[in-house]
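Residues per chain, in single letters:
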Amino acid sequence: MTNNDVQKIISETAEATAAAIYKKMMSEQARQEKNAFSKRLYNTKLLLQNYRLFKDHIDNAVFELTRIDEEQETAAEILDAMWQTSGPGKGEIIVESIKKSITRTKIIMEHINEMLKIFEVYSITSGKELNVRRWHVINKLYILETKKTSTDIIDELAEEYYTDRRTIYRDIDDAVEKITALLFGIDGISKLEGRKK
């Protein structure tokens, strides 16, 4: 075996190793991004499911002791902290954490309300009946005051739109993805685009 043959084998091995390492790194990065977006979806659902609770908390708060550092927190910082601590079984902890501080609750609710307004305008002005329905589903299920259970609301929505419950659940999932992108900004949008490919 000549020196050139040895150099060629070393070069090919190095290239193959580098390619394998790169492929593994890209696969891991994609997995982490998918996991991060899944956590954000989970947090968005959690925020929507507790929307009325947070609203009542703000409306009925009698005493407020605000820490200076809480007044300077942004919605993005609070949402990021939620994202880092979320997961199955931790939802109650996150909700209690937000409720403990009226200031944090107000910041989050202002952000959610603004993003819901944007989602509503987008849905209505899109000219697509599907988008209007999705807004209506989110609004009726999570935002409007009601004494009905979510199961009853979903049944009503399915009947109102002459469809089945699965379609309403798909509407919820699609709307929550779009709201997640709004809540988490450009990072949420890039993750959403990555999921669509």
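These lines cover the structure that appears in this document, whether it is placed above or below. Here the structure is a predicted model, which is why all the values come from computation and not from measurement. (Residues numbered from 1 in each chain as written. Predicted model: local features only at pLDDT ≥ 70, side-chain atom pairs only at ≥ 80, totals over all residues. Heavy atoms only, no water.)

### Re the nonpolar core
Line of reasoning, step 1. Counting residues in each nonpolar core, the largest one holds 28 residues, and the members touching the most others are I112, L116 and I172.
Line of reasoning, step 2. Secondary-structure elements contributing two or more residues to this core are α1 (3-49), α2 (51-60), α6 (102-125), α7 (129-143), α8 (150-160) and α9 (165-196).
Line of reasoning, step 3. A total of 7 residues in this core trace back to one element, the largest contributor, which is α9.
Line of reasoning, step 4. Beyond its immediate chain neighbours, meaning those up to four positions away, I172 contacts V137, I138, L141, Y142 and I154. (Core = buried A, V, L, I, M, F, W, Y, C linked by side-chain atoms within 4.5 Å. Buried < 20%, exposed > 50% of the residue type's maximum accessible area, 1.4 Å probe, protein only. Helix = DSSP H or I, 4+ residues; strand = E, 2+ residues; numbered from the N terminus. Contact = heavy atoms within 4.5 Å.)

### Concerning the pattern of salt bridges
Line of reasoning, step 1. As enumerated under the stated definition, the model contains 12 salt bridges in all.
Line of reasoning, step 2. In this structure, E114 and K117 form a salt bridge, with 3.5 Å as the shortest nitrogen-oxygen distance. Highlighted residues: E114 and K117, both in helix α6, separated by 3 residues, approximately one helical turn.
Line of reasoning, step 3. The shortest N-O distance in the salt bridge between K148 and E156 comes to 2.7 Å.
Line of reasoning, step 4. Put simply, R133, R134, D171, D174 and K178 are held in one network by salt bridges that share partners. (Salt bridge = Lys/Arg side-chain N within 4 Å of Asp/Glu carboxyl O.)

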